[in-house]
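Single-letter residue listing:
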Amino acid sequence: MINIRTRLTYQFVFLVTGILLLFSLGVYLFSKLYLEKRFYKRLQDRAITTTTLLFDLQQTDSTVLRLIDAADKEPLLNENISVYNDQTKEILFSTNPANVQFHQQFVAQLDSTAQTLYLRKNEYQVVAIHLTSGKSTNWVIVSGVDQTGQDALNDLQKILIIMMLAAILLLGISGWLFADRALAPMSSIVQQVNTIFPANVTRRVEHPNRSDEIGVLVTTFNQLLDRIEQALHTQKMFIANVSHELKNPLTKINSQIDVALIQKRNPEAYEQTLRSLQEDTRALSQLTNTLLELANTSLQAETMPFEPVRMDELLWETKKQLQAWHDDYTIQLTFTDFPDEEDDLITQGNRAALKVLLMNLIENACKFSPSRTAAVDFKTRRGTIVLSVFNEGIPIPPADLPYIFQPFFRGNATAQSSKGHGVGLAVVAQVTQLHRGDIAVQSTPQGTTFTLTLPSLAAF
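First things first, this report covers the structure right here in the doc.

### Description of the pairing of strand β3 (residues 116-121)
Thinking step 1. Across six bridges, the pairing between β3 and strand β4 (residues 124-133) is antiparallel. When the bridges of β4 are listed, Leu-117 appears paired with Ala-128.
Thinking step 2. Where β3 folds back onto β4 in an antiparallel hairpin, the turn is made up of two residues, including Asn-122, whose phi is positive at roughly 55 degrees.

### Some details on the sheet that holds strand β12 (residues 447-455)
Thinking step 1. Ordered in space as β7-β9-β10-β12-β11, the five strands form an open sheet in which the pairing is mixed. Edge strands, defined here as strands with exactly one partner in the open sheet, are β7 (330-335) and β11 (438-444). Put simply, the sheet's adjacent strands are angled 15 degrees from each other on average, direction ignored.
Thinking step 2. Where β7 and strand β9 (residues 373-381) come together, six bridges link them in parallel fashion.

### Structural notes on the side chain of Asp-146
Thinking step 1. Residue position: Asp-146 is located in the loop between β5 (136-145) and α4 (147-194).
Thinking step 2. A distance of 3.0 Å separates a polar side-chain atom of Asp-146 from the backbone nitrogen of Gly-149.
Thinking step 3. Discounting chain neighbours no more than four positions away, the residues touching Asp-146 are Leu-35, Phe-39 and Gln-125.

### Regarding the environment of Ser-143
Thinking step 1. Here Ser-143 shows up in strand β5.
Thinking step 2. Its relative accessible area of 0% is what places Ser-143 among the buried residues.
Thinking step 3. Placed 19 residues apart in sequence, Ser-143 and Tyr-124 show a C-alpha to C-alpha distance of 6.4 Å.
Thinking step 4. The contact partners of Ser-143, leaving out residues within four places of it in the chain, are Leu-43, Asn-78, Glu-79, Asn-80, Phe-102, His-103, Gln-125 and Val-126.

### Quick word on the packing of aromatic side chains
When we look at a pair of aromatic rings, we describe it by the centre distance and by the angle of the planes.
Thinking step 1. For the structure on display, the rule yields eight aromatic pairs.
Thinking step 2. With 6.0 Å between their ring centres and 20 degrees between their planes, Trp-316 and Phe-335 make a pair best called stacked. Of the two residues, Trp-316 sits in helix α7 (residues 311-325) while Phe-335 sits in strand β7, which places them 19 residues apart along the sequence.
Thinking step 3. Looking at Trp-316, the relative accessible area reads 40%, which means it is partly exposed.
Thinking step 4. Owing to a relative accessible area of 26%, Phe-335 belongs among the partly exposed residues under this scheme.
Thinking step 5. Put simply, the rings of Trp-316, Phe-335, Phe-338 and Phe-378 touch in pairs and so form one group of aromatic residues.

### Notes on the side chain of Gln-256
Thinking step 1. Here Gln-256 is to be found in helix α5 (residues 213-262).
Thinking step 2. Here Gln-256 falls in the buried class, since its relative accessible area comes to 16%.
Thinking step 3. Leave out the neighbours within four places in its chain, and Gln-256 touches Thr-273, Ser-276, Leu-277 and Asp-280.

### Here's the deal with the pattern of salt bridges
Thinking step 1. Counting across every chain of the model gives twelve salt bridges.
Thinking step 2. Measuring nitrogen to oxygen at the nearest pair gives 2.5 Å for the salt bridge that ties Glu-79 to Arg-46. Separated by 33 residues along the polypeptide, Glu-79 in strand β1 (residues 77-85) and Arg-46 in helix α1 (residues 4-56) bring together distant segments of the chain.
Thinking step 3. As a salt-bridge pair, Lys-355 and Glu-317 come within 2.9 Å of each other at their nearest N and O atoms. Taken together, the positions of Lys-355 in helix α8 (residues 351-367) and Glu-317 in helix α7 put the pair 38 residues apart, joining distant regions of the chain.

### Side note on unusual backbone geometry
Thinking step 1. Phi angles above zero are rare outside glycine, and Arg-372 is one such case at about 55 degrees.
Thinking step 2. Residue classification places Arg-372 among the partly exposed residues on the basis of a relative accessible area of 31%.
Thinking step 3. A positive phi angle is found at Arg-436, which is not glycine, with a value near 55 degrees.
Thinking step 4. Within the secondary structure layout, Arg-436 lies in the loop between α10 (424-434) and β11.

### Observations regarding the packing of α8 against α10
Thinking step 1. For the pair α8 and α10, the least separation of the axes is 9 Å and the interaxial angle reads 140 degrees. With respect to each other, α8 and α10 are oriented oblique. The crossing of α8 and α10 is left-handed. Residues Ala-353, Leu-354, Val-356, Leu-357, Asn-360, Leu-361 and Asn-364 of α8 form the contact with α10, whose participating residues are Gly-424, Leu-425, Val-427, Val-428, Val-431 and Thr-432.
Thinking step 2. For the contact of α8 with α10, the residue count by class is nine nonpolar, four polar and no charged.

Conventions used here
- Residues numbered from 1 in each chain as written.
- Predicted model: local features only at pLDDT ≥ 70, side-chain atom pairs only at ≥ 80, totals over all residues.
- Heavy atoms only, no water.
- Pairing = 2+ DSSP bridges.
- Helix = DSSP H or I, 4+ residues; strand = E, 2+ residues; numbered from the N terminus.
- Axes fitted to C-alpha atoms, helices over the stretch in contact; angles between N-to-C directions.
- Polar contact = N/O pair within 3.5 Å; in protein donor to acceptor, adjacent residues only side chain to side chain.
- Contact = heavy atoms within 4.5 Å.
- Buried < 20%, exposed > 50% of the residue type's maximum accessible area, 1.4 Å probe, protein only.
- Phe/Tyr/Trp six-rings, centres within 6.5 Å; stacked < 30°, edge-to-face > 60°.
- Salt bridge = Lys/Arg side-chain N within 4 Å of Asp/Glu carboxyl O.
- Parallel < 35°, antiparallel > 145°, perpendicular 65-115°, else oblique.
- Left-handed = near helix turned anticlockwise from the far one by under 90°.
- Nonpolar A, V, L, I, M, F, W, Y, C, P; charged D, E, K, R; others polar.

Written out as structure tokens, the structure reads:
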């Protein structure tokens with residue numbers, strides 16, 4: 001496969017060679033045109049001289065013509081001058097009587113309406129001048145071969161060919177050096193990138209000129225490295241937190257089993273141990289299910305099936321399921337400005353993922369509320385569905401707000417007030433992003449409000 005350097009060299013050579021070819025062709029054609037016009041002018045001058053000798057001076061002796069030829073610094077090759085009479089249809093005079101037939105073949109092309117005609121036959125150039133004297137109409141026909149001009153064109157052609165070959169050679173060398181210089185920053189970038197590994201992912205690619213195209217590429221690549229570094233950091237944190245969260249209940253379960261097996265106990269002690277094991281197992285199962293939901297949301301984002309989902313019905317369904325699982329939860333639903341059009345209530349999404357989102361939002365609100373109460377306000381606005389979930393729990397500190405949607409993050413206030421793993425809101429953020437929505441949080445001393453915004457079918 002041809003590399004970029006070679007392709008740039010080829011393109012440079014082909015482009016400049018094409019321009020030089022057009023330029024050389026133009027020089028050759030214009031030179032040829034100039035030489036032809038100049039020779040026609042010489043033929044025309046000779047025709048005028050002949051006209052003067054034959055008609056004005058009444059000299060028809062060819063000796064006079066030879067004297068004029070001797071005085072000419074550049075005699076014409078194969079020159080032939082003839083005088084043709086339109087009335088008699090005969091050649092009245094010719095400097096080469098043995099070759100009168102050559103000029104006779106041009107008689108058919110003579111146009112009586114024209115004053116001067118320029119003709120060509122093989123290498124011969126011919127000029128015919130129409131003369132009218134009284135009732136007599138004659139044509140002075142002069143022909144010759146421009147050998148000097150042809151030799152000049154041949155020399156010019158050789159010079160242009162040699163110059164073109166030399167230019168192509170120089171273009172190939174200069175194009176190769178030019179491409180090497182142009183791609184030198186790319187080679188430097190490749191070398192720098194090859195030195196970046198997960199162990200030193202904090203390194204960035206350097207480029208002296210950040211305003212050119214390569215500089216923009218370097219900036220974009222560094223932004224990609226920023227995201228990779230953040231992803232690696234999140235992955236490390238995720239693995240560390242998962243290991244910690246899984247290790248605690250497993251260690252606790254194992255310890256309780258070891259203690260129970262040290263000696264025989266009464267049924268009440270075993271029952272107490274089993275209840276404690278059941279509680280730890282439920283916590284472990286809840287953590288595992290939440291992690292699976294988070295992983296499925298990340299991995300199945302491209303293949304997750306979407307369908308029209310009516311959000312008010314899904315909200316009622318979520319409320320019934322949460323209250324069936326938790327008898328002490330109170331969920332208050334308020335429908336503000338309920339729309340007339342059904343499309344305003346429907347969003348395009350995955351029903352199961354949206355249900356997990358609603359359950360996590362509402363369950364968190366109830367769990368962190370002293371009265372175990374969540375107030376949910378449902379409304380539509382400008383092609384969007386807006387759900388606000390409010391609880392009167394302990395306010396979230398402003399320093400914790402930017403991190404609450406990160407996996408396993410738990411502020412000091414929430415960690416002390418309720419059990420949990422800090423994964424639920426991460427699932428909420430991923431599902432919201434998957435559905436092209438927005439999730440915002442506002443926390444005041446009066447309580448905390450999570451505002452979910454999703455696009456409705458009315459927006460499409």
